[in-house]
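Structure assessment
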Protein chains: 2
Amino acid sequence: MEHTRTARERAREEITTEILEAARRRLASDGPANLSLRAVARDVGMVSSAVYRYVPSRDDLLTALLVEAYDELGAAAEAADDGVSDRTDVRARWTATCRAVRSWSVGHPHDYALLYGSPVIGYAAPRDTVGPATRVIVRLVGIISSAHEIGGAARPLPEGPGPSFEPSVGDATAALREVAGLDTDVPPELVGRTLMAWSTVFGTISFELWGHLVGSVSDHETYFDSVVSRLWHDLGGV
Amino acid sequence: MEHTRTARERAREEITTEILEAARRRLASDGPANLSLRAVARDVGMVSSAVYRYVPSRDDLLTALLVEAYDELGAAAEAADDGVSDRTDVRARWTATCRAVRSWSVGHPHDYALLYGSPVIGYAAPRDTVGPATRVIVRLVGIISSAHEIGGAARPLPEGPGPSFEPSVGDATAALREVAGLDTDVPPELVGRTLMAWSTVFGTISFELWGHLVGSVSDHETYFDSVVSRLWHDLGGV
DNA sequence: ACAAAACAAGAGCACTGCTCTCGAATGTTG
DNA sequence: CAACATTCGAGAGCAGTGCTCTTGTTTTGT
């Protein structure tokens, strides 16, 4: 069934991307909660009902933007990591990647809110978006496990105090086995510590963007660097 | 100017609380983004325009709910801390308070979203709500500084790796001086570590509630306990 | 008893997501 | 090429939202 793209198919693709681009601009300026399908329609010079030929609903449009934003953030993080020439300098890779995540988030606060804010969409749709969502954390895990493979880059993590991570993070360990294809499983303590670190990065950026650190932190950039370096230490890095 | 409360004043108070109660029910069921002033009006048997006699706008209503929710969460946290009979068992106090924060959040996910989710209101209003917002973190700081005053409850925190917290957390230190009235300032490293811990608690709860740990963490309760105990260790607690 | 203030109700405006219908443009097939 | 089918854009319309204004009623202070 090899058929040349008809004019209609080409037009459909162009208009679809046109709509998505206008929607991203609207998202960047108005935020996810105020994203109006009618406003997007006006931006592309169409009437609102015509847009429904290309987008099933507002939620689907938000989901498409969600995937795009996840991808953009993931690409930014990976590019920052790849930019470190000395691949054995895992500490520099960790720092660069975390900084890239914050930089993108500060530069795209509304996109960040769509990704990591309170979900505006029901819980049905965003579940098939786990793929692009995991790009950042997967890369971070790669850096951390590299550090624990390279001699002298990290001290082995002793079992932390309190209840072990072992019973609760089994799913994450299995997921890592799938995606990273490691020969040996990442120990539960390291998996838990990695989840903790990622939660802290998210919490720090969210607090900064949502204004929860107003009156407490003055220089967010150096504060973030302080946090990131201590996280690296808590992960066993040297 | 001692005047007995007229019938109208009593009615106004009653109707106001009636509206707020209905709004909280709506918030609990529909979430902050879907809170409709008209729906609240219907619930209390009024027409929407009548509600505007009591509430200036939807944003002001959300702000009122915000303050109420902050207060409820703060009370829950403080009650949990106060419930620990041995006041020198600072580790138990820390654990109980953190658990209370998570319990309230899991029990009131939509209220939690209003407090700590991406802000639905503009940045003007919520800034005069910093008072009730700080109750939890203030109590947590109290527990941590108690631990560092009691001999043997905590080891002094060595300066962490990377950039010092000193230049970025000065405002927080000053704020603590105000609210807690401590004789000597909390050292920057401890202030920074406390902010980090609070960010991690927030990040962990948010990830759980917003579904970012689906496929990674199976038992959220024990996972949270694992996180909290490691945070206590990172804060210098023993 | 009367003027002033507060109130509840209704209509109305501008906006939203979404559905349906109706011609027109474009596609495929005989 | 002609006929039929599909796709598309525009418009009207529905139900819902926040919010304002007017109108008539009730309560208050004088």
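Residues numbered from 1 in each chain as written. Chains lettered and ligands numbered in written order. Predicted model: local features only at pLDDT ≥ 70, side-chain atom pairs only at ≥ 80, totals over all residues. Heavy atoms only, no water.

**What about the overall build of chain A?**
Across its full length, chain A holds 11 helices and 0 strands. Seen in sequence order, chain A has helices and strands lined up from the N terminus as α-α-α-α-α-α-α-α-α-α-α. Principal axes of the C-alpha set define a box for chain A whose edges measure 60 × 55 × 35 Å. Of the side-chain charges in chain A, 23 are positive and 33 negative, and the distance between the mean point of each set is 6 Å. (Helix = DSSP H or I, 4+ residues; strand = E, 2+ residues; numbered from the N terminus. Lys, Arg positive; Asp, Glu negative; His and termini not counted. Charge placed at Lys NZ, Arg CZ, Asp CG, Glu CD.)

**Section: the interface of chain A and chain B**
If you look at the interface, chain A gives 55 residues, while chain B gives 55 residues. When chain A packs against chain B, close to 4400 Å² is buried across both sides, 59% of that on carbon and sulfur atoms. Broken down residue by residue, the surface that chain A buries against chain B is led by A:F207, A:W210 and A:R230, which jointly contribute 15%. Counting the contacts that link chain A with chain B gives 6 salt bridges. A:D234 is the partner of B:R193 in a salt bridge, and the nearest nitrogen-oxygen pair spans 2.7 Å. Taken together, the links from chain A to chain B amount to 22 residue pairs in polar contact (both at pLDDT 80 or more). Contributing elements (two or more residues each) for the side of chain A that touches chain B: α6 (109-116), α9 (170-180), α10 (188-210) and α11 (220-234) of chain A. (Contact = heavy atoms within 4.5 Å. Buried area = accessible area lost by both parts, 1.4 Å probe. Salt bridge = Lys/Arg side-chain N within 4 Å of Asp/Glu carboxyl O. Polar contact = N/O pair within 3.5 Å; in protein donor to acceptor, adjacent residues only side chain to side chain.)

**Remarks on the domain arrangement of chain A**
Residue and element names in this part refer to chain A. Per the domain assignment, the segments of chain A are domain 1 (1-56) and domain 2 (66-235). For domain 1 versus domain 2, the distance between C-alpha centres works out to 33 Å. Across the boundary between the two partners, domain 1 contributes 8 residues, which contact 7 residues of domain 2. Carbon and sulfur atoms supply 55% of the area buried between domain 1 and domain 2, which totals about 680 Å² over both sides. Contact with domain 2 buries surface across domain 1, with R24, L27 and P32 losing the most and accounting together for 72% of the total. Two residues, R24 and E72, come together in a salt bridge whose shortest N-O distance is 2.7 Å. Remark: the boundary between domain 1 and domain 2 carries 3 residue pairs in polar contact (both at pLDDT 80 or more). Taken together, the residues that form the side of domain 1 that touches domain 2 break down as 4 nonpolar, 2 polar and 2 charged. (Domains from an automatic or database assignment. Nonpolar A, V, L, I, M, F, W, Y, C, P; charged D, E, K, R; others polar.)

**Describing the protein's contact with DNA strand D**
With respect to spatial proximity, 23 residues lie near DNA strand D, and among them A:S49, A:R53, B:T6, B:L37 and B:R38 are the closest. Per the 4 Å cut-off to the protein, sugar and phosphate atoms form 52% of the nearby atoms of DNA strand D. One of the side-chain nitrogen or oxygen atoms of A:R38 is found 3.4 Å away from a base oxygen of DNA strand D. At 2.7 Å from a base oxygen of DNA strand D is found a side-chain nitrogen or oxygen belonging to A:R53. Of all the elements in the fold, those that place two or more residues in the surface near DNA strand D are α1 (7-30) and α3 (48-51) of chain A together with α1 (7-30), α2 (37-43) and α3 (48-51) of chain B. When the residues that make up the surface near DNA strand D are grouped by side-chain class, the tally is 9 nonpolar, 6 polar and 8 charged. (Near = heavy atom within 4 Å.)

**A short note on the relation of the copies chain A and chain B**
For the match of chain A to chain B, the screw axis carries a shift of 0.0 Å, the RMSD comes to 0.0 Å, and the turn is 180°. The transformation just described matches what one would write down for a two-fold rotation axis. The fraction of interface residues of chain A whose copies in chain B are also interface residues reaches 100%, indicating that both copies meet through the same surface. (Least-squares fit on C-alpha atoms with pLDDT ≥ 70 in both.)

**Looking at the UniProt feature "domain: HTH tetR-type" (unreviewed entry) in chain A**
As annotated in UniProt, the feature "domain: HTH tetR-type" (unreviewed entry) corresponds to residues 13-73 of chain A in the numbering used here. Between the C-alpha atoms that bound residues 13-73 of chain A the distance is 24 Å, and the span itself is 74% helix and 0% strand. (UniProt positions renumbered as here; feature names shortened; annotations may be inferred.)

**Thoughts on the environment of B:G215**
On the secondary structure map, B:G215 appears in the loop between α10 (188-210) and α11 (220-234). Non-local contacts of B:G215, meaning those with residues more than four positions away in its chain, are made with A:D171, A:A172 and A:A175.

**Re the packing of helix α5 (residues 90-107) of chain B against helix α6 (residues 109-116) of chain B**
Residues and elements named next belong to chain B. Running from N to C, α5 and α6 cross one another at 110°; their axes reach a closest spacing of 5 Å. As judged from the angle between their axes, α5 and α6 are roughly perpendicular. In this structure, α5 contributes W104, S105, V106 and G107 to the contact, and α6 contributes P109, D111, Y112 and L115. (Axes fitted to C-alpha atoms, helices over the stretch in contact; angles between N-to-C directions. Parallel < 35°, antiparallel > 145°, perpendicular 65-115°, else oblique.)

**Let's talk about the packing of helix α4 (residues 58-82) of chain B against α5(B)**
All names here are of chain B. Where α4 contacts α5, the two axes come as close as 8 Å, and the packing angle between them is 150°. Read as a crossing pair, α4 and α5 show a hand that is right-handed. Contact residues: α4 offers A69, E72, L73, A76, A77, A80 and D81, while α5 offers R93, A96, T97, A100, V101 and W104. For the contact of α4 with α5, the per-class residue count stands at 9 nonpolar, 1 polar and 3 charged. (Left-handed = near helix turned anticlockwise from the far one by under 90°.)

**Some thoughts on the protein's contact with DNA strand C**
Residues in close proximity to DNA strand C total 23 residues, the closest being A:T6, A:L37, A:R38, A:R58 and B:S49. Here DNA strand C approaches the protein such that, of its atoms within 4 Å, sugar and phosphate make up 52%. At 2.8 Å, a backbone N or O of A:R8 approaches a phosphate oxygen of DNA strand C. Contributions of two or more residues to the surface near DNA strand C are made by α1, α2 (37-43) and α3 of chain A together with α1 and α3 of chain B. Of the residues assigned to the surface near DNA strand C, the class counts are 9 nonpolar, 6 polar and 8 charged.

**Focus: the side chain of A:E189**
With respect to the helices and strands, the residue A:E189 is situated in helix α10. With residues up to four places along the chain from it excluded, the contact list for A:E189 reads A:L157, A:P158, A:E159, A:G160, A:F165 and B:R230.

**Quick look at empty space enclosed by the protein**
In this approach, a probe sized like a water molecule rolls over the atoms, and the result shows the empty space that is left. Taken as a whole and judged by the stated rule, the model has 2 cavities of 30 Å³ or more. There is about 120 Å³ of room inside the largest cavity. What lines the largest cavity is a set of 14 residues, among which A:L231, A:D234, B:R193, B:L231 and B:D234 lie closest to the centre. For the lining of the largest cavity, the elements supplying multiple residues, two or more each, are α10 and α11 of chain A together with α10 and α11 of chain B. Here the lining of the largest cavity is built from residues that sort into 8 nonpolar, 2 polar and 4 charged. There is about 40 Å³ of room inside the second largest cavity. Every residue along the wall of the second largest cavity is listed here: A:L73, A:V101, A:S105, A:Y112, A:Y116, A:W198, A:V201, A:F202 and A:I205. Among the elements of the structure, α5 (90-107), α6 and α10 of chain A are those that each provide at least two residues to the lining of the second largest cavity. Counting residues per element, the lining of the second largest cavity draws most heavily on α10(A), at 4 residues. The class makeup of the residues in the lining of the second largest cavity is 8 nonpolar, 1 polar and no charged. (1 Å grid on protein atoms, 1.4 Å probe; cavity = no way out; pocket = protein on both sides within 12 Å on 5 of 7 lines; lining within 4 Å. Points joined across faces, edges and corners; volume = space filled by probe spheres on them.)

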